[in-house]
Each structure stands twice: as structure tokens, then as C-alpha cells.
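What follows is each chain in one-letter form.
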Amino acid sequence: MEDWDPSKPILEIENLSISFFTRLREIPAVMDFSCTVMAGEAMGLVGESGCGKSTVALAVMRDLGKTGRITGGSIRFKGRDLTRLSEEELRHIRGSEIAMIYQEPMASLNPAMKVGAQLAEVPVIHQNMAKAEAWALARQIVADVRLPDPDRILNAYPHQLSGGQQQRIVIAMALMAKPALLILDEPTTALDVTVEAGIVDLVKDLGAKYGTSMLFISHNLGLVLDVCDRICVMYSGEAVETGNVEEVFTSMRHPYTQALFRSIPLPGADKNARPLISIPGNFPLPHERPPGCNFGPRCDYFEKGRCDAADVPMETVPDAHRHESRCRKWREIDWQAPPKARIAKEKLPFGKVVLRMDDLKKYYSVSTGAFGGGSKKVVKANETLSFEAREGETLAIVGESGCGKSTFAKVLMGLETATSGQIMLFDENVQSTPIQKRGADTVSQVQMVFQNPFDTLNPSMTVGRQIIRALEVFRKGDNDADRQRMMLDLMDLVKLPRAFAERMPRQLSGGQKQRVGIARAFAGGAKVVVADEPVSALDVSVQAAVTDLLMDIQRENRTTLLFISHDLSIVRYLADRVMVMYLGHVVEMGTTEQVFSPPYHPYTEALLSAVPIADPTVVRKRIVLEGEIPSAMNPPPGCPFQTRCRWKVQVPGGLCDTELPPVRDLGEHHQIKCHLSAEVLATMEPVIKVAAE
Amino acid sequence: MLAFVLRRLGVMLLTALALTFIVFALTNLQPNLEKLAKSEASVRMSDDAVRAWLSENGYSGTMISRYGQWLGVLPGWTGATADGTATGRCVERGVAAEATPRFCGILQGDWGQSTVFKKPVLDMLGRALGHTGWLMLAVMLVMVPTALLIGVLAGMREGSKTDRVLSTAAIATTATPEYVSGVIFIALFASATAGISPLLVEWGWLTGRKTLFQGTATSAMDDITFWNFALPVMTIALYGIGYIARMTRASMTEVMTQQYIRTARLKGVGFGQVVMKHALRNALIAPFTVIMLQFPWLLNGVVIVETLFNYKGFGWTLVQAAGNNDIDMLLACSVVAVFVVLLTQLISDIGYVFLNPRIRLS
């Protein structure tokens, strides 16, 4: 290892093949995968779930479990082939030379060990450091990852920290031994956008500071653009395109990469004029891959007899920096041509008011002690919520976790009752009626589409039976035959083949399950549908299809859609009006254009700037919010956002510290809860600018 | 913490009240009392005589009032025999009428008189609990470490040979009830004519006594030795070992698949350290509750084993009382059982909070 030359690649993967062995068969997870990471370089590994990107990462760590095996190729780290190392040699490399950061920070920290002990363990193992010294180093690294009050944090248990803090600790743990290579497996997927922005900044800075190379695994193209120098796009176990990030983003040379970019909502996409294009078909199962090009059956440029004839090799694209593509036809395809299948849809006017909330409040009281004692505290989950939603309208509710958007959905559904205020649904006050006491009519009119399609379907009931069950509950149909017919109609509505009615949920993919969830929600002819992050658990290419489906059904049924999301890109794409929430307060509300362009509420501004955008032509102002979201149990006095607001100094008289700002109307029903004067608001610049081409 | 314990103690008292009332009512049913009258006075009594005996001995009041008297919140019944001597619940021979207390229930420390043993219940129960205490202690000392060790060894590498062997053994022991394993043990180790003892004697490995272990634990009441105590302890522990080991294994295998174990592994921590430092504490959280639940369960096993090995502890006393319609004794036994169950639950809840930093009880 001493004779390693820094000008050579840190990590060199060549023709790597990995298979998992089950009792039935060998399942190839990764085939013929090659990539090179130079010193100090950040390599992005992008693809949908199941494409094998995490498997590659685990193969580098040589931690594939009992069933996984490397069946071919080599992984060279600083010139040493990792596939040939013994368990003991690997142990010395893990944690000290190569470190890994995982998706779920909470799950990757030991819940019964203090944070400091977990950090200090690394140098104790690898450098035989004395315990006190190791703790001192841990303290320094914790300060390095910009955590406040390192001493308190070192002595805390993981559950006492917030998600963002936990992820910083995981990063600190990876940095304890100053590794040469850092593998980040979806490090921010479980975090809020503003927290994500902070973590991404931190990772970039630390990479530069320590000269660490990075293998950054993500499904978020915008994030990869932010962090990485190079990118490798994977599809179904193969690398399909690799190259410099800018080159791949602006002049991609593989149809899958192109399709991926067309299915994500970039600024400029619009649900009516320029709808997203989802990738048709489904991801092939590992043992059902087609012959030839894996992407062939879903590709617009597919040519029979050529694309499916033989395995496609990686070909180098000339006039570029190590840009390669795995496509037979990349030379012939006109990459600048606009997509064909884009059908613009007309925008429909909204109808009458369906749902109205007036001064809705929801408070919880909780106790703080370990044995139930301690002081009682009131959590103000929702504070004076007022709005209207019209027929056929999409109202997006945006905010980070803990802002009260899910509580709001629960109150509306009747799973909780409001503390005070009114919820009027078609002139009927449903505020204090819990769901058990609502009539089948009311229940069927307000329905919900849940975030996680994997957990919301009964695993032991066929899909058709579950929809029929919903029809029975909503008292639809006169007899079983009638309901059977209605069920099949619903399957048509959500564009699932009728034969799927006989299938069990486990036989369906995530996107198909979510369609069943949507079918169930619309079984009673719902008028108001609350969609709680309906696509956030799905892959990007499926997201577009499911969003489009929701839009189509809405257009047909004139449904009011309350779209709860933290993903501002998708909100900008499909919402008509947006409501931004922070700590239980609605801080801004208006049409999508009003909210997404200045003047902003300072929180909206920060939120917008935090969203990574997968478009190199977009210039984005970076505003990283300092500090944590205050606890809802102990909100700051005055304006809820004052602890993190960068505009606070512009308000005279310390008004933000003492007084809750009133709701102001900036014209045309654009409401904002802020003390900033009209003059200051007018000086705000747009966060996102599309550079002139 | 204090408030929580106090609240739990309050709930415990209420539960104990309700449960003892149920036991009281069941043991004081009319046919049961008639049986008592006949066994205490004369088997060939007429129905009228039985009724007379019952009212003379204070069994004619309502169930509630008798329960109150037993508890010591109502004054004990008083009466007089035909020859004018004062009788009553609280009357004792040799104590002057003025010195006789009005209340004499368990609250005053008067647990009644055992009809089988002809002694105060409290004396009998105290001695029996002392014996059982030693038995339980020995069982716990053998059972808990063995079970945890087996569970952790089996669970740290799921599906390995060690796991298969230990799991099979654990299932086998749990599937064998005490009355079966006890009999097998006696036949194997404590018989002078069967099992391995005659062999050992023949080979000259066993001198001074005829059997490897003693088949009765009666002598252990005065002096506990390995020889006379091993079999009863083993019989009870064996069942529990299998059960706790299964729980520990399940919890351990689950913990070993957790992400933080992978984190530790990929940090370069060796396997031994991963198990000891990272997995163990997390894996012990779930079995802790199970171990605590084993205490009341031990009372159960104790009944069989003490009878089998003729060890005059709590279980043996309970069997004697139940078999001979000894009402006061039965009631006292049930009070003890109720408190053992509730107390171990309390300890289990509090201990859980300390083991698991994430838990907050409310």
C-alpha cells in the first residue's frame, strides 16, 4: 500500500459481476460493471431501486452477506484487489481506508451506545489510540461536522438527536480515521430538504478539506449534479452511461438517461402545457432480463434484430472526457429532437368551494418524564389554519417534517378531532366528528392516498378483493356482481390490467401498488382526496406516471386534491395553489406562481433554494438554514421562523422576537405571515434563475 | 419515577384486592363450607348440625362481610357457645376478653389457622416461602446465564451449525414438561437399580453413596447440598432454559441484522467485539421481560417439582392446602402469588427503562 501513486485511481472497478444465490437460482445483480474514481474525485452512482447501485457499494466493502458473491472482475483499491483480501485484512481497511455512510442515520447508530463511544471506537480499533485521546478526537470531528455543543452530543444517545444531527454523526464516524474513500449510500434520502442542503454542503467541504474521494449513490439527479464530478448511470445491473456530470446532463448519449431526465419535474415543466413523460413498462426482474440491451423493451429507439441481438458493450463517446455509453444506436439518434409523445392538456377552471377551514387548531398535550410524570406540555401541531379548496383544484401543502402537515391531514380525515375551529365539507361541519361517527357518505367523499404503498395494502387479500371491500364499506353497488363490475372499472381508471384483480399485493411493483391505493381511495367517488406524499416512496420514472394518473383522474372526476409533499419540484409541477407550513403555522399561501417567485416568505425562500435541481443551466442561490427546526413542544416566542431567518435584521424593533406576525395579503390572495416591510420584500431576488442559453 | 412506582403500587393493591376476593368467594362457596364443617367436626353430621356449626364458627354472614373480616377492615364476628364461653374470630384461648382485639384480618397480621397443619398460616407460609426462595434462587442462577449464553451463541450466526444444534436442544427442553423431565431425571440419575448410577458404582467412580443424585429433596430443607438439590433445580431450570434461550436467540438474530451492526462491522470492528459491545445490550432488552415473567412461572413449576421431590416449600404447601380444603392457607397462598406476579412486573417495567434508553413509560 505504501507504493501507491496518488496520480493513479483510488478505486478501479473492472468488469465486476455480482450474483445472489437463492435456493432456486442464481440471481445476477450486477453485470460487467466498471468505473474508476480518481483521488479527490466524487463519483455519482445513479439509478432506480433494484438497479444494483447499493450492491456495488457493498461489494467494495466486501459485505454482500451470506448469499451474495462476486462472480467475476476485480475491485482495486489503491492497487490492491479487494476481492482477494482475507477477512482480517478487510477489517483493517474497513473504517480506516474506506468508510461508508448510510441512508437511515437512525438505524445505523447503535441505540444503546453513547454517540461518543461509537465515534471513539474507530481510532481505538485502527490506531490503538488511548480512550481519552480518542474521545478528544471525536470531540474535534463533531465540531468539524458543525454540530453545536459537541460535549453534550458526545454524551447523548442517538435517539436524543434529530435526523440531521444523526446523519452528521454518521458522517463524523466515517471521517474519524480520515479515509481515502467515502461511500455514501443515499445519505440524505431520509432527511428534509433544508437539512439535506446542509449535509450536502458539509460533505462537499469535507471532501475538499481532507481530499477524500467519494462514491455517491443516489436516485436524485439534482443532488448528484450538486455534489459529484463524474456520474455513472445504472440500469438493471449494468452501467449504461458514464462521464463528466455536465456532459452527461447536457449531452446524454443513452436513451435511458434521456428518459430519466424527461420524467423528472424540472423548472419549466407544467402539468398542462408540458407534462412529464414517464418511461413506459416496468423495470425487468433480475432473472427476467431481456436479451441484448436491458432497456430495449422500454426504449423509444428500439430496433428489433439489432438491439436484442447480443449483449451491448460500453462504447467511448469521442470528444469528451471519458464519456461512455452502452447503446448500439447512440451515433444515429438525434439527441436534440424534442420528445414526440408530449400531449398538452387544457387547463380546466375550478368549481365551487368544496372544503373550507376556519381557524383550525389542533393541540396535543404530552408528558415529558421517563415514567410518565414530569411536566405536561402542549404541542401546537396546527395553529389557526384557514383556507378554501375548490372543486378540481390541486392545493399543495408543503413543509418539513414536524411542520404539522400530517396532523392537518389526520384532522381532516377525522382520525383526530380539532381542538377548535371549523372544517366545512360541502356546507357540512365535520370538525368535531371523528371518523367512526361519520356516515359512509362523508367517509367516501374524503379519502386518502398514503405515502408508503408497501404497507397500506393487506398482504393476504387479493387486490380486487381489497377494492371490493372498500366499495362495500362505502355502500356502493347493489350486489356482488355490481361491485365486481365497479371494481374492474376502477382498475381501468388507474390503468392497471384487469387481470391484476386476482393478484396478491406482493406480486405488484411499488408503482402498481400505489395505483391500487389510488383506486381504493376513489372507490366511493371521493370529492376530496388527501395525497400524503403519494410518490415519495417511488422511483423517479414511476413517479411521473403516478402523478399523471392522479392528474387525469382529477380532470375527469373534478376532484379536489390536497397534495402533501416536501418535494417542491413536484409541487411546482402539479399544484395550482401552494400552502407553506412551518411549526404548525401557514407562513405563505398563494398560487403556484406567486409562491415560487419573489417576494417570498423567508422560509419559502430557504426551502426553494434547498431543492437540488437536475439542470446545469439553472443557477440557484444557496441559502443554508442554520440550526435545527425548533421543537413544536417549545416553539420560539414571536415569529416561529425567527431563530433561523436571515432577513430578521431587516425588521426594526426586534418585532420578530416578540410578536407573531399577522397574516398579510400581498394582493390577489397571496398571503404571507411576516413582519418584513413591503419595500424589503420588493428587493427579494428570485432564488432560481435559468441561465440564458 | 416515584410517581410512576406509586401509581403502579396503587394498581397492584387494587388488583390484589380484586383477585383475593375472587379466590375468597370461590373457596368460601356453600358446598365447600359444608365440607369444611364435616371434616372439622364430624363426618356424620346432619344438615341442621352443619348449619349450626357454620353459624357458630362465623361462616353464616354475607360473603362481603366475611371477606372484610378476613381482610381486617370489618370487626371479627363474636358469639357465645351454649355453655356461655365467648367465641369469635379474634378470640384466642388464654387471652382475656378485654384484651381481645376487635379486628383480626390479614391487615393485622392474622392470617388465620391452617386446618391441615394445625398451625397458624403465617408460620407455615413463612417457612415454606423460605424453602422455595432457596430453590428459586438456585434455579435462576442456573437458568438465566445458561439460557442467555445459549441464546446469544445461537443467535449471533443465524442458520449456522451452532444455531441449529442449540435451537433444537432449546425446543426439546421447552417441549418437555417438568413432570416428565423430573421423572426421567430420577430414573436416570437417582435410582440405585436403573440409569447411570449402578454403572458408575460398578466402575468405582461413585463411592460412599449408591446414586449420583438423590431422588428426594427433603433433606435439602435442613442442609442444601449439590447431591440433594441438583435434580429439582435442573428439572425446573431445564424448561425455562429452552424458553428464555429461544427468546434471546430471536432477539439476537434480529439485532444482528440491524443496520447499526453493519455499521460496526464496516467500521472494522471484529466479530467478537460486534457481538459483545454492539449486539448484546440491545439483544437483552426483549428477554429481560421474559425472564421477569419467568418468576411467576417458576411458582407454577415449583408446585410440580416440590411435590415430586417431596420438598416442603410453597408449592408443596399449596398442593396440601388445595387437596385438604384448607381455606385460610389457600387464601394466603394466592395473596403471595398475586404479589409475586405484580412485583416482578413492576421490576420488569422499571428495568426495561434502564436497559433501553429510548423507552419512556407513560
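Since we're looking at a predicted model, the values are computed, not measured. Starting afresh in each chain, residues are numbered from 1 along the sequence in its written order. Starting at A for chains and at 1 for ligands, labels are handed out in the order in which the entities are written. This being a predicted model, a pLDDT of at least 70 is required before a residue's local features are given, and a value of 80 or more before pairs of side-chain atoms are given or counted; all residues contribute to the totals for chains, interfaces and linings. In computing side-chain properties, one takes all heavy atoms of the structure into account and sets aside hydrogens as well as water.

## Here's the deal with the overall build of chain A
- A run of DSSP states H or I qualifies as a helix once it reaches four residues; a run of E qualifies as a strand once it reaches two. Both are numbered from the N-terminal end. A tally of regular secondary structure across chain A gives 22 helices and 26 strands.
- Taking 693 residues into account, the globule formula puts the C-alpha radius of gyration at 26 Å, and chain A, at 26 Å, falls close to it.
- Principal-axis analysis of the C-alpha atoms places the extent of chain A at approximately 75 × 65 × 55 Å.
- With a 1.4 Å probe rolled over the protein chains alone, any residue whose accessible area is under 20% of its type maximum counts as buried; one over 50% counts as exposed, and the rest are partly exposed. The buried share among the 693 residues of chain A stands at 56%.
- Here, two residues are considered to be in contact whenever any of their heavy atoms come within 4.5 Å of each other. In chain A, once contacts between residues fewer than 6 apart in sequence are set aside, the share between residues at least 24 apart is 67%.
- What sets the accessible areas is the Shrake-Rupley method with a 1.4 Å probe; for residues, cover comes only from the shown protein chains. Just so you have it, chain A exposes about 28,200 Å², and 50% of that area is on carbon and sulfur atoms. To get the radius of gyration, use the C-alpha atoms; to get the globule rule, take the number of residues to the power 0.38 and multiply by 2.2 Å.

## Here we look at the side chain of Thr253 of chain B
- Mapping Thr253 of chain B onto the fold places it in helix α9 (residues 226-256).
- The residues touching Thr253 of chain B, leaving out its near neighbours within four places in the chain, are Gly155 and Glu158 of chain B.

## Considerations on the environment of Arg322 of chain A
- Position of Arg322 of chain A among the secondary structure elements: in the loop between β11 (315-317) and β12 (323-325).
- When neighbours within four sequence positions are excluded, Arg322 of chain A is seen to be in contact with Thr36, Met38, Glu41, Arg230, Thr242 and Gly243 of chain A.

## Points about the packing of aromatic side chains
- Only Phe, Tyr and Trp rings take part, Trp by its six-membered ring, and two of them pair if their centres are within 6.5 Å. Stacked means planes under 30 degrees apart, edge-to-face means over 60, and tilted covers everything else. Tallied over the entire structure, the rule returns 18 aromatic pairs over all chains.
- For the pair Tyr582 of chain A and Phe641 of chain A, a centre-to-centre distance of 5.0 Å together with 85° between the ring planes defines the contact as edge-to-face. One end of the pair, Tyr582 of chain A, is in strand β21 (residues 577-582); the other, Phe641 of chain A, is in the loop between β23 (618-620) and α21 (655-658), and 59 residues separate them in sequence. In this structure, Tyr582 of chain A and Phe641 of chain A share a single accessibility class: buried.
- Ring plane angle 15° and centroid distance 6.0 Å describe the contact between Trp53 of chain B and Tyr59 of chain B, whose orientation is recorded as stacked.
- Members of the aromatic cluster, each reached through a chain of ring pairs, are Phe21, Phe24, Tyr67 and Trp70 of chain B.

## Describing the nonpolar core
- Here the nonpolar core consists of buried residues drawn from Ala, Val, Leu, Ile, Met, Phe, Trp, Tyr and Cys, with membership extended through side-chain atoms lying within 4.5 Å. Of all hydrophobic cores here, the largest spans 187 residues; its most connected members are Leu11, Phe33, Leu119 and Ile183 of chain A.
- Core analysis: the next-biggest nonpolar cluster, separate from the first, contains 61 residues, Phe117, Tyr311, Met329 and Ala332 of chain B among them.

## Let's talk about the pairing of β21 of chain A
Residue and element names in this part refer to chain A.
- For β21, the buried fraction is high: six of the six residues fall into the buried class.
- Neither face of β21 is open: one carries Arg577, Met579 and Met581, the other Val578, Val580 and Tyr582, and all of them are buried.
- A strand pair is defined by DSSP finding two or more bridges across the two strands. In the sheet, strand β15 (residues 394-398) pairs with β21 via four bridges, with the strands oriented parallel. By the bridge assignment for β21, Ala396 is matched with Val578.
- Linking two consecutive strands that pair antiparallel, namely β21 and strand β22 (residues 585-591), is a turn of two residues; a positive phi of about 50° is found at Leu583 within it.

## A word on the sheet that holds strand β4 (residues 68-77) of chain A
Residues and elements named next belong to chain A.
- Ordered by their spatial adjacency, four strands build an open sheet running β2-β1-β4-β5, and the pairing between neighbours is antiparallel. Strand pairing shows two members of the sheet lacking a second neighbour, β2 (26-37) and β5 (80-81), which therefore form its edges.
- The pairing of β4 with β5 spans two bridges and is classified as antiparallel. Bridging across to β5, Arg76 finds its partner in Asp81.
- Each of β1 (11-21), β2 and β4 is contacted by helix α1 (residues 53-61), which is oriented at about 105° to β1, the strand it contacts most. Working convention: axes come from line fits to C-alpha atoms, limited for helices to the stretch in contact. Angles between N-to-C directions cover 0 to 180 degrees.

## Quick notes on the packing of α9 of chain B against helix α11 (residues 271-308) of chain B
Residues and elements named next belong to chain B.
- Two elements in contact, α9 and α11, have axes whose closest approach is 7 Å; the angle formed by their N-to-C orientations is 145°. Considering how the two elements wind past one another, α9 and α11 form a crossing that is right-handed.
- Here the nonpolar group is Ala, Val, Leu, Ile, Met, Phe, Trp, Tyr, Cys and Pro; Asp, Glu, Lys and Arg are the charged ones; every other residue, Gly included, is treated as polar. Classifying every residue of the contact of α9 with α11 gives 23 nonpolar, six polar and no charged. Put simply, a crossing is left-handed when the front helix is turned counterclockwise from the back one by less than a right angle, and right-handed when it is turned clockwise.

## Re the sheet that holds β11 of chain A
Residues and elements named next belong to chain A.
- The sheet built from eight strands is open, its strands ordered β6-β7-β8-β3-β9-β10-β12-β11 with mixed pairing. Lying at the two open borders of the sheet, with one neighbouring strand each, are β6 (98-101) and β11. Between one strand axis and the next, the sheet turns through 20° on average, direction left out of account.
- Across four bridges, β6 lies against strand β7 (residues 181-185) in parallel orientation. Counterpart to Ile101 in the pairing with β7 is Leu184.
- Of the strands in this sheet, β6 and β7 touch helix α7 (residues 163-175), which is tilted by about 175° from β6.

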